[in-house]
Amino acid sequence: MVVYRIRVPTGTSLCAGSNNQVQLWLVGQHGEAAVGTRLRPTRGKEEELKAVVLGYLGPLLFVKLRKRRLLQDDARFCNWSSVQEPGDSGDEFRFPCYRWVEGDGVLSLPEGTGRTVVDDPQGLFKKHREEELEKRGKLYRWGNWKEGLILNVAGNKLCDLPADERFLEDKRIDFETSPAKGLADLAVKASLNVPTCWEDLDDFSQIFWSGQSKLAEWVRDSWKEDALFGYQFLHGTNPMLLSAPSSSGHLVFPPGMEELQVQLEKELQGGTLFEADFSLLDAIANVILCSQQHLAAPLVMLKLQPDGKLLSTVIHLQLPRVGSPAPPLFLPTDPPMVWLLAKCWVRSSDFQLYELQSHLLRGHLTAEVFAVATMRCLPSIHCIFELIILHLDTPYIRVRTGLVSDLGVFDQVVSTGGGGHVELLKRAGAFLTYSSFCPLDDLADRGLLEVKSCYYAQEALWLWEIISRYVEGIVNLHYKTDVAVKDDLELQTWCQEITEIGPQGAQDRGFPVSFSLQSRDQLCHFVTMCIFTCTGQHSSIHLGQLDWYTWVPNAPCTIWLPPPTTKDAMLEMVMATLPSFHQVSLQMSITWQLGRYQPIMVALGQHKEEYFSGPGPKAVLKKFREELVVLDKETEIRNAKLDMPYEYLRPSLVENSVAI
């Protein structure tokens, strides 16, 4: 008779426990044995029990769980199981789970050592891999939210999602109640302070949330300044638009502006000219709730000053039309209200591209492609699954059923609502290139590598390198040769779904084509891209919402009047252009809900879940965490010297996944 010691903890989230009893079996190479004692899982509690077995089971392969329902099925969230082999000094093996145990079927948990198919020459896990992927393939089906967009997980409602992809109960409650709190706070302020209509720009201060963000208060006080306008292209919440132009020929210069043309050409030759191009917005339909809204497709030219500041030199609000007079060019020397109105148009256009292209498409929808492909193609025992899965937590359907759904937030208050947002997403899909997801290539393509005052560029490269070394450490433990990468059919199928199926043809935009991961270096680069996109890149976009978009005049969600064609704007025209009170309130509420510090937040690399087994992977993870701490400290030191700290890529603030 031999004794195995077993530990089985239950999750700590609300409703993680269960009234149903759980039966366990141990499966080794030499046999299988049922554990006599049944568990009644309790939230946050770790059960310990002993299994007395007739003989040694051999190297352990699986722990099997079966939850037996009583009057009703009561799901239980299982963290993991661990088994200590016979003897006081017996080795302990971990069997990761981190999922809901539902129904009364048998759930098999393989021992946590990551294995490719090649690592299992005896085929001990072959059947398990095949059955798991077959089941997942039925749960995680590709869907098409809108024709012409990248694919998503199939389903139209939250209940269509697999249970493991829904928010845990405490996070769900916070997420669903926070908008009501925000709107209630605004309603109180409105009843006390807000006039019946906007008459002056200072009126926005009456419903502004002070105390939420020091940077937001600074934006409120300084948003009219040209230095802040340029600063946002380098360090704001959407650093993806700025680039060095190949020529100044994008502008159409009306007669009398030859001197400006010569000046821009001189800056271009000197490498100090940059542009922000919003042409994706051209001719986007924009009627929301039967009311005509307005969009522009600005082109902004900016000059990099010797001190690192970026100042706008000219704003073009409309693309030239054949047979029409050249639209006006707005300059810093124009009357103050004229120049301010032009900048408001640019900031509103930035809001549209930020929300739809930079945040939704390049963040949430792309992460969803990674997540669905991973669940369909990589079994839980695969080493790349263990490496990447914790970075693929994503809201899935919530974005599509709230922000951009029919009659959702965009259809109510955003210029690109009413169908325009779908057209914009289709256009932006053509720019989802492989290089644009890799900071070194992207920054080189945009001419920003040598811009020392671009903190986003510096920290994105630093964080990418740390993630890359982490990925390389895990990959080299499991793939000893390039041939091992090439021969891993599960891995190659996963890559194919990410590049060809989910994005519907991303191989035409530089992504690896089918079965083209030929080396460990290629695999490391690809996996690093996936993790960085879901962590650092998303955080660099997501974290600044509260700072930059709470003061609505700095980023109007919609515009009520057409773009100006003359330079006679007064305050009344500026006020009539900006959003209504209802639109402002909803923009502030959503911005607060999404941009606030989340009460349930996991920083990059600080997850408590343990998928890795064995000293090798754990040592790699430990080194990763140590490097993140060093970078975090260096960022803190750098920020202490700045008037405005840049913290959107600070490791302690970067989320471990696209979790919200």
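Calculation notes
Residues numbered from 1 in each chain as written. Predicted model: local features only at pLDDT ≥ 70, side-chain atom pairs only at ≥ 80, totals over all residues. Heavy atoms only, no water. Helix = DSSP H or I, 4+ residues; strand = E, 2+ residues; numbered from the N terminus. Rg over C-alpha atoms; globule rule 2.2 N^0.38 Å. Buried < 20%, exposed > 50% of the residue type's maximum accessible area, 1.4 Å probe, protein only. Contact = heavy atoms within 4.5 Å. Areas by Shrake-Rupley, 256 points an atom, 1.4 Å probe, with all protein chains shown as cover. Lys, Arg positive; Asp, Glu negative; His and termini not counted. Charge placed at Lys NZ, Arg CZ, Asp CG, Glu CD. Pairing = 2+ DSSP bridges. Axes fitted to C-alpha atoms, helices over the stretch in contact; angles between N-to-C directions. 1 Å grid on protein atoms, 1.4 Å probe; cavity = no way out; pocket = protein on both sides within 12 Å on 5 of 7 lines; lining within 4 Å. Points joined across faces, edges and corners; volume = space filled by probe spheres on them. Expected span 1.5 Å × (residues − 1). Phe/Tyr/Trp six-rings, centres within 6.5 Å; stacked < 30°, edge-to-face > 60°. Lys NZ or Arg CZ within 6 Å of the ring centre and 35° of its normal. Core = buried A, V, L, I, M, F, W, Y, C linked by side-chain atoms within 4.5 Å. Patch = residues over 30% accessible without salt bridge, like charges linked within 9 Å, V, L, I, M, F, W, Y side chains within 5 Å. Salt bridge = Lys/Arg side-chain N within 4 Å of Asp/Glu carboxyl O. Parallel < 35°, antiparallel > 145°, perpendicular 65-115°, else oblique. Left-handed = near helix turned anticlockwise from the far one by under 90°. Nonpolar A, V, L, I, M, F, W, Y, C, P; charged D, E, K, R; others polar. Arc of directions from axis to C-beta. Polar contact = N/O pair within 3.5 Å; in protein donor to acceptor, adjacent residues only side chain to side chain.

A word on the overall build of the chain. What the chain contains, in helices and strands, is 19 helices and 17 strands. Here the C-alpha radius of gyration of the chain, 27 Å, is about what a compact globule of 660 residues would show, namely 26 Å. With respect to the principal axes defined by its C-alpha atoms, the chain has extents near 95 × 55 × 50 Å. Considering the chain as a whole, with its 660 residues, one finds that 58% of them fall into the buried category. For the chain, the proportion of contacts with a sequence separation of at least 24, taken over those separated by at least 6, is 74%. For the chain, the exposed area adds up to about 27,100 Å²; of that, 54% sits on carbon and sulfur atoms. Charged side chains of the chain number 63 positive and 81 negative; the gap between the two group centres comes to 7 Å.

We now examine the sheet that holds strand β3 (residues 31-34). Sheet strands line up and pair through hydrogen bonds in the backbone, either parallel or antiparallel. In spatial order, the strands read β3-β2-β5-β8; together these four strands make up an open sheet with antiparallel pairing. Pairing within the sheet leaves two strands with one partner each, and these edge strands are β3 and β8 (106-110). Taken over all neighbouring pairs, the strand axes of this sheet differ in orientation by 20 degrees on average, direction set aside. The sheet contact formed by strand β2 (residues 21-28) and strand β5 (residues 60-68) spans eight bridges and is antiparallel.

What follows deals with empty space enclosed by the protein. Across all of its chains, the model carries nine cavities of 30 Å³ or more by this definition. Taken as a whole, the largest cavity holds about 120 Å³ of empty space. Contributing to the lining of the largest cavity are 14 residues, with Phe351, Glu355, Leu403, Val409 and Ile590 lying nearest its centre. Contributions of two or more residues to the lining of the largest cavity are made by α6 (336-377), α9 (409-413) and α18 (581-595).

Turning our eyes to something else, we now look at helix α5 (residues 258-269). With twelve residues, α5 should cover 16 Å at 1.5 Å per step; its first-to-last C-alpha distance of 17 Å lies within 8% of that length. In this fold, the buried residues of α5 make contact with β12 (273-277), β15 (299-304), β16 (310-316) and β17 (329-330). Positive backbone phi, approximately 75 degrees, marks Gly271, located one or two places after α5.

Attention now goes to the sheet that holds strand β7 (residues 92-101). Spatially, four strands are ordered β4-β1-β6-β7 in an open sheet, and the strand pairing comes out antiparallel. Each edge of the open sheet carries a strand with a single partner, namely β4 (46-53) and β7. Here the average twist between neighbouring strands, direction ignored, is 20 degrees. Alignment of strand β6 (residues 76-84) against β7, held across eight bridges, turns out to be antiparallel. When the bridges of β7 are listed, Phe77 appears paired with Trp100.

The final tally for this structure, using the stated rule, is 19 aromatic pairs. Where Phe437 meets Phe511, the ring centres are 6.0 Å apart and the plane angle is 65 degrees; that geometry is what we call edge-to-face. Separated by 74 residues along the polypeptide, Phe437 in the loop between α10 (420-429) and α11 (439-445) and Phe511 in the loop between α14 (489-501) and α15 (520-542) bring together distant segments of the chain. This pair shows no difference in class: Phe437 is buried, exactly as Phe511 is. What links up through ring pairs into an aromatic cluster is the set Tyr434, Phe437, Trp494, Phe511 and Phe526. When the ring centre of Trp80 is taken as origin, the NZ or CZ atom of Arg94, which lies over that ring, is 3.7 Å away. If you follow Arg638 out to its NZ or CZ, it ends over the ring of Tyr455, 4.7 Å from the centre.

The subject of this paragraph is the environment of Met588. Within the secondary structure, Met588 is located in helix α18. For Met588, a relative accessible area of 2% puts it in the buried group. Sequence separation of Met588 and Ile207 is 381 residues, and the distance between their C-alpha atoms is 9.2 Å.

What follows concerns the nonpolar core. Counting residues in each nonpolar core, the largest one holds 166 residues, and the members touching the most others are Ile384, Trp494 and Met529. With 23 residues, the top contributor of residues to this core is α6. If near-sequence neighbours (up to four positions away) are discounted, Met529 is found in contact with Phe370, Tyr434, Phe437, Cys438, Trp464 and Phe511. One finds Val8, Leu65, Phe95 and Cys97 within the second-largest nonpolar core, a separate group that totals 24 residues.

This next bit is on a nonpolar patch on the surface. Together, Met1, Val52 and Leu54 make up a nonpolar patch on the protein surface, roughly 400 Å² of accessible area in all. Looking at the secondary structure, you find Met1 in the segment before β1 (2-9). Classification of Met1 as exposed rests on a relative accessible area of 68%.

The subject of this paragraph is the packing of helix α12 (residues 455-478) against α15. Interhelical geometry of α12 versus α15 gives an angle of 135 degrees and a closest axis separation of 8 Å. Relative to α15, the element α12 is oriented oblique. Like other packed secondary-structure pairs, α12 and α15 cross with a definite hand, here right-handed. Looking at the contact of α12 with α15, its residues break down into 13 nonpolar, eight polar and two charged.

What follows is about helix α3 (residues 214-222). All buried positions along α3 are accounted for by Leu215, Ala216, Val219 and Ser222. The buried residues of α3 occupy an angular sector of 140 degrees when projected down its axis, which confines them to one face. Projecting away from the buried face of α3 at angles above 90 degrees are the exposed residues Lys214 and Asp221. Considering only its buried residues, α3 is in contact with α4 (226-235) and α16 (545-549). If you check the start of α3, you find a side-chain oxygen 3.3 Å away from the backbone N of Leu215, and it comes from Ser213.

Right, let's talk about unusual backbone geometry for a bit. Positive phi is not limited to glycine here, since Cys15 has a value of about 70 degrees. Note that Cys15 resides in the loop between β1 and β2. Although it is not a glycine, Tyr98 sits at a positive phi angle of roughly 50 degrees. Relative to the assigned elements, Tyr98 resides in strand β7.

That is the geometry; function is a separate question.
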